[in-house]
Structures are given as C-alpha cells and as structure tokens.
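# Fold and contact review
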Amino acid sequence: RYRFQKTMDTSCSSLSSSLSAASSMIESVSVGQSSGTPFSADLLDSVDHDTFTTYCWSLLSRHLDLSGDKLQQLLDEGKEHATRNATVSMMRSLGSLFSFARKNSQTYSGTAISQLFGAPLPEPNGPTRILQLIESLKKHVYVPGLFRVSGNKRRQDALKSFLSEPPVEHLVDVPAVESEYSPHDVASVVKHYFAELPDSILQSKHFLAYEQINDLQDLVKTEVIQLLLLLLPPVNRSTLFSLFQLLSLIATNQDKNKMDSRNLAVVITPNLCGHSKSCSSCQSAITVSKLTPAVQHMIEHCDEIFQVLVTSIS
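Residues numbered from 1 in each chain as written. Predicted model: local features only at pLDDT ≥ 70, side-chain atom pairs only at ≥ 80, totals over all residues. Heavy atoms only, no water.

Let's shift gears to the environment of Ser164. Locating Ser164 in the fold gives a position in the loop between helix 5 (153-163) and helix 6 (174-180). According to the relative accessible area criterion, Ser164 is buried, its value standing at 12%. Residues Ser164 and Gln115, 49 residues apart in the sequence, show an inter-C-alpha distance of 6.6 Å. (Helix = DSSP H or I, 4+ residues; strand = E, 2+ residues; numbered from the N terminus. Buried < 20%, exposed > 50% of the residue type's maximum accessible area, 1.4 Å probe, protein only.)

Structure below.
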C-alpha cells in the first residue's frame, strides 16, 4: 500500500508539473502577443506532448463547441493521425528505397517516384525548394491575379518534374527558374504542392475547430488560431509562416495586383485542405467554404498570429 501511494504521489506530482509548464507556456503566448515579444517554440520540448495537447484543447473549449464526445474524439483522432502519418512516411521511404534499388542511379529521371509532391512535409526544415519559390514570389507581389491566374500547365508540369529531381532537399537555381517560368506558373506549382500533401498542412483533424471560428470576435479568433497552430508539428508551423507572409504581402499590395485577403483566401483555401480520398467532393466543398474565413483572418493578421509562435526560419 505504501509503494502504491508513493507511486500515485509521484505520478500526480509529475502531472501537476506538466500542467504548470503548459499553463506557463500558454501564458507566455498571451504576454508575447500583447507585448510583441517573440515566443520560442523550443519551449514545447519541455512539456509532455499529451498533457500540452489536452491543455490546449481545454482552452479552446472555452470558445468552441466541444461538448459531448467531440473533445475526446479530437484527442483520439490526433493519436490515430500521428500513427497513420508515421506509417505513411515509412512506407514512402521503403518504396523510394526499393525503387532506387531497381534503377541504376545514373538512369534516375524525372519520371521516377517524386519525393516532393504527394509526400509528407519533410522534417525538420520543410520543403526546401517550395520555400525557395515562396520567397522568390515576394519579388512579384505586384503581378495582377497572383495565385488566381493559373498560368501554363505544360510549363507547370515541367517545373514540378524539375523540382522533383532528387535529392529534393537540395537548393535549386532560383534565377534560372524565374527566367524560364512566369510568376503565375510558380504560384500555381506552390498551390499544387500544398494540395497534394497526404493531409492538410492545417491537419484535417482540426477542421472542426476552424469551422467554428467565423462567429468569434477578431481577438478571440486570433487566440484560437494561435492555439491550433501550437498543436501542429513545428515543420507545419514554419512552412505556414512562410506561406502566409507571402499572402499577407500580396494583400498589402491589392491596389496593384487586385488580390485582397478575401480573394486570396478563396483561391488558396482549397489547396490548404490537402488531398483526402476519404472526403466526397460535396464534403470538401462544405469544408472549404467554412475554412475560408479563418484563412482570410490568418492573412489579415499574419504578423500578430505568428510573431509569438515562430522565432525564425532557417
């Protein structure tokens, strides 16, 4: 009985410490938001993941309808999602390995299995070449219809093949890309990348929460989105930060490019929903329509939302 009581005391003490650390971290987000002080995502490493996730969802339940078994369903889906993603990543790695074994490295061509488009976000730095394209588009934010005008499909397919040539983590010659492909081609390929991810970069398990943001006040919307972003893997957060920095910059120049935050949200949200064979086209359309206002808010308040979540992108 003494040993049992001692074990229980130790477990309760550990849980209390984890909850205290999670509470302090969330408080640092709020303080950082009001003071402009950057929040270091490295603090996440000091907190038990399951405890932190549960604590975030408990805060979200103050503003969202997570009644009944909705909260437990979200927590369970998160665990299943992590296991499924790990399995998909492993199978893709094995598939690429066996494919490489069947082909001589000298004959490896653009027709081989792509490790970029359709693959999960690469850890830990994200999709290097896509991030390069996003950065290059910042020089073309004045171009009318950027992200709305589709460009040339033949050139886009060629660019996708070029970007998919291994090793995909290596940098590409951006000036060469810009000389051969239009900004509309590049923007369309960036959209294709996010659309072809195995799961939404926002993670589909969180869609129920994003769909409820529309009726909240702006300050509460920002807080809810920050909490949802804290629940994402670091690579998702940093990649989203790069993308929304670009979208925000485009919206700032709407008088020249005719692309305000609403227009951008309408054209980019379907791609941010990712690729899901389990959803019907009708379900996908409903999801996109409900997520679009949240994406618009992220574009309009990009600096405010991300300044306390991401300290830097390497």
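Looking now at unusual backbone geometry. The omega angle of the peptide bond from Glu123 to Pro124 is -5°, so this bond is cis rather than trans. Along the chain, the position of Pro124 falls in the loop between helix 3 (70-102) and helix 4 (128-137). Between Pro166 and the following residue, Pro167, the backbone shows a cis peptide bond with an omega angle of -5°. Along the chain, Pro167 falls in the loop between helix 5 and helix 6. For Phe147, which is not glycine, the phi torsion reads 80° and is therefore positive. Tracing the backbone shows Phe147 in the loop between helix 4 and helix 5. A residue is classified by how much of its surface remains accessible, and Phe147, at 1% relative accessible area, is buried.

Next up on the list: the environment of Glu165. Here Glu165 lies in the loop between helix 5 and helix 6. With a relative accessible area of 38%, Glu165 lands in the partly exposed category. Residues Glu165 and Leu116, spaced 49 residues apart in sequence, show a C-alpha to C-alpha distance of 8.8 Å.

Moving on to the packing of helix 5 against helix 7 (residues 183-195). Between helix 5 and helix 7, the shortest axis-to-axis distance is 9 Å and the interhelical angle comes to 60°. Relative to helix 7, helix 5 is oriented oblique. Considering how the two elements wind past one another, helix 5 and helix 7 form a crossing that is right-handed. Between helix 5 and helix 7, the contacting residues are Arg155, Gln156, Leu159, Lys160 and Leu163 on the first element and Asp185, Val186, Ser188, Val189 and His192 on the second. In terms of residue class, the contact of helix 5 with helix 7 is made up of four nonpolar, three polar and three charged. (Axes fitted to C-alpha atoms, helices over the stretch in contact; angles between N-to-C directions. Parallel < 35°, antiparallel > 145°, perpendicular 65-115°, else oblique. Left-handed = near helix turned anticlockwise from the far one by under 90°. Contact = heavy atoms within 4.5 Å. Nonpolar A, V, L, I, M, F, W, Y, C, P; charged D, E, K, R; others polar.)

Further remarks concern the pattern of salt bridges. For the structure shown, the criterion picks out six salt bridges. Note that Lys160 and Glu196 form a salt bridge whose closest N and O atoms lie 2.7 Å from each other. Of this pair, Lys160 sits in helix 5 while Glu196 sits in the loop between helix 7 and helix 8 (207-210), placing them 36 residues apart in sequence. For Lys160, a relative accessible area of 17% corresponds to the buried category. In this structure Glu196 comes out as partly exposed when scored by relative accessible area, which is 29%. (Salt bridge = Lys/Arg side-chain N within 4 Å of Asp/Glu carboxyl O.)

Here the structure, examined in full by the defined rule, presents four aromatic pairs. On the basis of an interplanar angle of 35° and a centroid distance of 5.3 Å, the ring pair of Phe241 and Phe306 is categorised as tilted. Of the two residues, Phe241 is situated in helix 10 (residues 234-252) and Phe306 in helix 14 (residues 302-306); the sequence distance between them amounts to 65 residues. Grouped by ring-pair contacts, the aromatic residues Phe117, Tyr193 and Phe194 constitute a single cluster. Against the face of Phe117 rests Lys160, its NZ or CZ located 5.0 Å from the ring centre. (Phe/Tyr/Trp six-rings, centres within 6.5 Å; stacked < 30°, edge-to-face > 60°. Lys NZ or Arg CZ within 6 Å of the ring centre and 35° of its normal.)

One recurring pattern in soluble globular proteins is that nonpolar side chains are buried together. Core analysis: the biggest nonpolar cluster contains 73 residues, and Phe147 and Phe244 have the highest contact counts within it. In terms of residue count, the dominant contributor to this core is helix 10 (nine residues). Not counting the four nearest positions on each side in its chain, Phe244 is found in contact with Leu272, Val295, Met298, Ile299, Cys302 and Phe306. (Core = buried A, V, L, I, M, F, W, Y, C linked by side-chain atoms within 4.5 Å.)

The values reported here are purely geometric and, on their own, carry no functional implication.
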